[in-house]
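# Architecture at a glance
Here's the letter readout for the chains.
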Amino acid sequence: MKIIASRKLASLATSLVLVFVFGSSIIATPVSAQTNETLNPSEVLDQNLSASEREALLARLSDEQVRNIVWDLLQTEAKGASTTKSGSILTEVDQISTRLRNNLAKNRTILPTVLQIPGVMGQAMIPPGRPPAFVFVVWLTLAGLLLVGWIGQKLFNHFSRQIPESLQQATDGESFPAKLARRFLLLLYDLVTPLIFVLISYVGFLAVYQGYEPNRLLIVGVLGAILTAWTVKKVINFVFSPHRPESRLTPLEDADSRLLSSRLSLIVILGSALFFFSNYLQAIAPAGALDPMVKALNSLGGITLMLLLIVVMWLIRIPVKALILSGQAAGIARRMFANLWPVFATIFVVLLMAIGIVSALALQQEDVLASVLKTIFLVMIAYPLLLGSVGPLIREWGDSTSSEIATQPNKPSGRDGIVQTVRILILLFGLVILGKFWNLDLVALTQSSLGETVGAAAGQILITILVAHVAMVFVSRWTSSQAGETEEDSEGVGGDPGGQGLSRIATILPLLRGFLLVSILTVSAMIILASLGVSIGPLIAAASVLGLAIGFGAQSLVADIISGIFFLVDDAFRKGEYIDVGGNTGTVEQISVRSMQLRHHNGPIHTIPYSQINTLTNFSRDWVIMKFELRIPFEEDVEKVRKLVKKVGQKLLEDPEHGPQFLEPLKSQGVNRMDDSAFVVRCKFSAKPGNQWALRRVAYAEIQSAFAKAGIKFAPKRVVVEAVTPALAAAGAAAQEAAAGGPSAPGDDRG
C-alpha cells in the first residue's frame, strides 16, 4: 500500500509540473475555439492516459484553465483530511473485498492442480536421458539413506546409553531449577540423535550424488523436515517426559504426558512436512504451473492442518486443564480458563485461519503458510511452555526451602510479583515476534504522524498497566504475608465462645486490601482515559456530585460507615472475637464497610449495622477468669481440700498441653458459703480467652481423681424427710395429750 501511495503522489507531482511547463509555453499563443471547452481536472490526472495523450490534452488547455485546475487541486487538498482519509479507507476496504472474492473464485478453479503434484514430482526426479523407471531408483536411494542414518543414530544411542542413565537419576528434595538443569542436559543429548541421523544420511547422499539439482533439493527437504519435526518433538518431550517420569517437569501422570506428547508431536510433524514440501514444490514445479499449484497445496494443507489442530485440542482438553490448574492456588479467572480453554483455542485457530486466507488472497502477502505455522508454534507451544516454567524457576531459584515449596504448591511465594512481571515481558516480546512473522514493522508504524500519536498513547497506557499491575501485586503480596503471620493466632478461632480473635491488622486487612485495589484500578482507568484523549475533568466532577447525592440520600449508610471506622480505630472488636451487642452474642465472622456478622454458638448469624451499636461487650480480650464451686460435706477438713486443689493447680501448670494456657494457676478461695447440707468451696483460675471452658473440664477431672485418692467425697444436696411409724405416732399422741393436760376425771364438770 505504501508503494501504491508513493506512486500516486509521484504521478500527481509529475502532472502538476507538466501543467505548469506546458501552460507557460502557450501564454503568447492565440487561443483556438477548442480551448473554450471546460475540462475536468480528473481528465488531466487520469493514470490510464499515456504520455502522448496527456501531452495532447495539456496542449488544449489555456492559461486560465491551468490556474483553475491547480486551484481546484489545492482546494480539494485543503477541504479536510478526514473526508479524504475516510474515503481512502472505504476505497481500500472495497478493493480488499473485491480481490478476496476474485481470488477465492480463482482458487476454486486451481484446486484440481493438486492432483498434478505426483506427476510433477515424478518428472523432476528423473534426470535427462534416464528412463521413467528411474524414479523407483530415487525412492529406493532415499529409503536406503534414511535407513543408514537410522542405524547410525541407533549405534550412537547404544554406545552412549550410560549418559542418559546417569542424568535420569534424581536426588531427594530436588528443586525445580536443579531438575530443569538436569533435564536440559538430557535435551542436549537427545538433540544429538536427530543431528547424527541427518548428517549420516546427507553424507551418504553426497557419496552417491551425481549433480542433479532437483534430487538434491528433495533429500534436503526431507532431511530438513525430519530434523525440524524431530527437534520440536524432543523439545515437547523435554517438558512432558512421557518415558522419563523421574525427569518430568510437569505434575501430570504418565498417561496424560504420553497423550500430550504424542498429539502435539503429530501436529508438529504434519506442519513441518507441509512447510518443507511446499518449499520443495516451489523449487521444482514448472514456471507456468508453479503459482496455482503451490497456492492450492498451501490452501488445502493449511486448512486440513487447522482442522486437525482443533480436533487435537479437544482430545487433550483434560490433561491441559490439569496442567493449567497445577502450581499456585488457582483463582476464578484461571479456573474459568481451564474449563473453557478449548473454546478460546478453537476461536483463535479459526481467526488465524481467516487472517491467513485474507492475507494470502486479498492482501497478496508472501509466505502466509510459514507465518501461520510459526504463529501456531509460538502461541500454542512456546508461550505455554515459557509461561509455565517461569513460575517455579523463579520461585525456587537459589531458595533453600525449595523442597518445602514443591511439597506445598499452593503456598504464596514472595517472588510472585517478579514471576508475573516476567510473564508480561514475555507476552510483549512475543507480540513483537508475531509482528515480524506477519511483516508488521512496529517501529516503522510509529514513525508516521498518526503512528507517533498512537504509539505515544499506547506506550503511556502500557506503562500505566505495568505500574498498576506491579502495585496490585505488591498490595496482594503484602496482605497475603500479613495474613500468613496471623495464621497461628487464628487457629483458635471457631472453638469455644470467648475465643481469642485475630490481630488488629488481620481484622482490617480485607477492608484495606479492597480499598487499595479499588484505588489503584480507579487511578489507572483515569490515566488510561486521559491517554486516549478523554477529558476526565467531567468524570471527576460527576463522581463528586454522585458522592454528595449518596451522602445526602443515604444518611444511615454514611452513619454506618463512619461508625464502623471509629469502632475499628478504637479497636473495639476484631475478627474471631466473641462479643455481645445489645443482647446479640456471637463470634465476629465477617466485617464489611457498613456492618458486621456475628455467628452465635448455636449457629445463627446476626447482621448488625455499626450505627445501631450502643454498647459492645468483648469477651475475648487479653485474659479471662473462670470460677466454679465444689460442695464438701461438713465432716471434711476444709484445709485439706484447699491443699489438694492447690496440688491439682500445680500439676496442670506442668502439663505440656494445658500448662501454657493458664495465666494464673488453679487455686481454692476457701469456703464461700454454707447451705443446709455442705460447705460451698469456690475455686478459680486465670487463662487465655477461649480456653477457659476446656481448662475447667480438665480441672474437674483432676480434682475428682485427687479427691478419690484422698478419700474425700462430694456432698450431694439433701432434703430431710421423717417417715411416720406406729411407735412415732403413739409417742406423738402421748405428747399431745400431755400438752392438753391429761384426761378429765369422772364427774368433773370443768371445761
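Residues numbered from 1 in each chain as written. Predicted model: local features only at pLDDT ≥ 70, side-chain atom pairs only at ≥ 80, totals over all residues. Heavy atoms only, no water.

## Overview of the overall build of the chain
Helix and strand counts for the chain stand at 25 helices and 8 strands. Across the 751 residues of the chain, 32% fall into the buried class. Put simply, 69% of the contacts in the chain that link residues at least 6 apart link residues at least 24 apart. Here the chain displays about 44500 Å² of accessible surface, and carbon together with sulfur accounts for 64% of that area. (Helix = DSSP H or I, 4+ residues; strand = E, 2+ residues; numbered from the N terminus. Buried < 20%, exposed > 50% of the residue type's maximum accessible area, 1.4 Å probe, protein only. Contact = heavy atoms within 4.5 Å. Areas by Shrake-Rupley, 256 points an atom, 1.4 Å probe, with all protein chains shown as cover.)

## Focus on the sheet that holds strand β2 (residues 584–591)
Sheet architecture is open: 5 strands sit in the order β4-β3-β2-β1-β5, paired in antiparallel fashion. The sheet is open, and its two borders are formed by β4 (605–609) and β5 (616–618), each paired with just one other strand. Each neighbouring strand pair of the sheet contributes to a mean axis angle of 40 degrees, computed without reference to strand direction. As judged from the 5 bridges shared by strand β3 (residues 595–599) and β4, these two strands associate in the antiparallel manner. Its bridge partner lying in β4, Q597 is registered against T607. (Pairing = 2+ DSSP bridges. Axes fitted to C-alpha atoms, helices over the stretch in contact; angles between N-to-C directions.)

## Quick notes on the pairing of strand β1 (residues 578–581)
Both faces of β1 are covered, namely the face carrying Y578 and D580 and the face carrying I579 and V581. Sheet topology note: the β1/β2 ladder contains 4 bridges and is antiparallel. By the bridge assignment, D580 is partnered in β2 with T585. With 3 bridges connecting them, β1 and β5 associate as antiparallel partners.

## What to know about the environment of I527
With respect to the helices and strands, the residue I527 is situated in helix α20 (residues 504–531). For I527, a relative accessible area of 34% translates into the label partly exposed. Separated by 67 residues in sequence, I527 and Q460 place their C-alpha atoms 8.6 Å apart. Every residue in contact with I527, bar those within four places of it in the chain, is listed here: Q460 and T464.

## Details of the environment of L323
Topologically, L323 is positioned in helix α13 (residues 317–325). The spatial distance from the C-alpha of L323 to the C-alpha of T250 is 7.4 Å, given a sequence separation of 73 residues. With residues up to four places along the chain from it excluded, the contact list for L323 reads F240, T250, P251 and L252.

## Looking at unusual backbone geometry
If you check the backbone angles, S241 has positive phi at about 45 degrees while not being a glycine. Structurally, S241 can be placed in the loop between α10 (213–240) and α11 (254–284). Note on S241: relative accessible area 2%, which makes it buried.

## Some words on the sheet that holds strand β6 (residues 624–632)
Sheet architecture is open: 3 strands sit in the order β6-β8-β7, paired in antiparallel fashion. Whereas interior strands pair on both sides, the edge strands pair on one side only; in this sheet they are β6 and β7 (662–674). The sheet shows a mean angle of 20 degrees between the axes of neighbouring strands, taken without regard to direction. Packing of helix α24 (residues 692–710) onto the sheet brings it into contact with β6, β7 and β8 (679–687), and relative to β6 it is tilted by some 30 degrees.

## Topic: the packing of helix α9 (residues 176–208) against α10
Relative placement of two packed helices is described by the angle separating their axes and the distance separating the axes. Axis separation between α9 and α10 bottoms out at 10 Å; the angle between their running directions is 165 degrees. As judged from the angle between their axes, α9 and α10 are roughly antiparallel. As for how α9 packs across α10, the hand of that crossing is right-handed. (Parallel < 35°, antiparallel > 145°, perpendicular 65-115°, else oblique. Left-handed = near helix turned anticlockwise from the far one by under 90°.)

## Considering the packing of aromatic side chains
By the definition in use, this model includes 11 aromatic pairs. Arranged with centres 5.5 Å apart and planes meeting at 65 degrees, the rings of F197 and W230 form a pair that is edge-to-face. Highlighted residues: F197 in helix α9 and W230 in helix α10, separated in sequence by 33 residues. Using a relative accessible area of 6% as the deciding quantity, one classes F197 as buried. Look at F205 and Y209: their rings are 5.1 Å apart centre to centre, the planes differ by 40 degrees, and that puts the pair in the tilted class. One aromatic cluster is present, built from ring pairs that chain together Y202, F205 and Y209. (Phe/Tyr/Trp six-rings, centres within 6.5 Å; stacked < 30°, edge-to-face > 60°.)

## Digging into the pattern of salt bridges
Evaluation of the coordinates by the stated rule reveals 8 salt bridges. Between D190 and R244 there is a salt bridge, with its nearest N and O atoms 3.0 Å apart. Residue D190 is located in helix α9, and its partner R244 is located in the loop between α10 and α11; the two are separated by 54 residues in the primary sequence. Its relative accessible area of 16% is what places R244 among the buried residues. One salt bridge in this structure joins E702 and K651, with 3.2 Å as the shortest N-O distance. Here E702 is found in helix α24, whereas its partner K651 is found in helix α23 (residues 638–654), with 51 residues between them in sequence. Owing to a relative accessible area of 23%, E702 belongs among the partly exposed residues under this scheme. One network of salt bridges, with partners in common, ties together E629, R673 and R682. (Salt bridge = Lys/Arg side-chain N within 4 Å of Asp/Glu carboxyl O.)

## Description of the side chain of E577
Its place among the elements puts E577 in the loop between α22 (555–569) and β1. Among the polar contacts listed, one links the side chain of E577 to the side chain of N618, at a separation of 2.7 Å. (Polar contact = N/O pair within 3.5 Å; in protein donor to acceptor, adjacent residues only side chain to side chain.)

## Quick word on the environment of S592
In this fold, S592 is placed in the loop between β2 and β3. Between the C-alpha atom of S592 and that of G564, which follows or precedes it by 28 residues, the distance is 8.8 Å. Excluding residues that lie within four positions of it along the chain, S592 makes contacts with L511 and Y610.

## Regarding a nonpolar patch on the surface
On the surface, a cluster of nonpolar side chains totalling about 940 Å² of accessible area is made up of W314, I332, M336, F337, L340, V343, F344, I347, L351 and I355. No other element matches the 9 residues that helix α14 (residues 332–361) contributes to the nonpolar patch. Residue position: L340 is located in helix α14. Under the relative-accessibility criterion, L340 is labelled partly exposed at 35%. (Patch = residues over 30% accessible without salt bridge, like charges linked within 9 Å, V, L, I, M, F, W, Y side chains within 5 Å.)

## Observations concerning the confidence of the model for the chain
With 73% of its residues at a pLDDT of at least 70, the chain reaches an overall mean of 74. By mean pLDDT, helix α1 (residues 2–25) is the weakest element of the chain at 37, and helix α7 (residues 134–159) is the strongest at 89. Per-residue pLDDT stays below 50 along residues 744–751; that stretch engages in 0 contacts with residues further than four places along the chain or on separate chains. (pLDDT = per-residue confidence, 0-100.)

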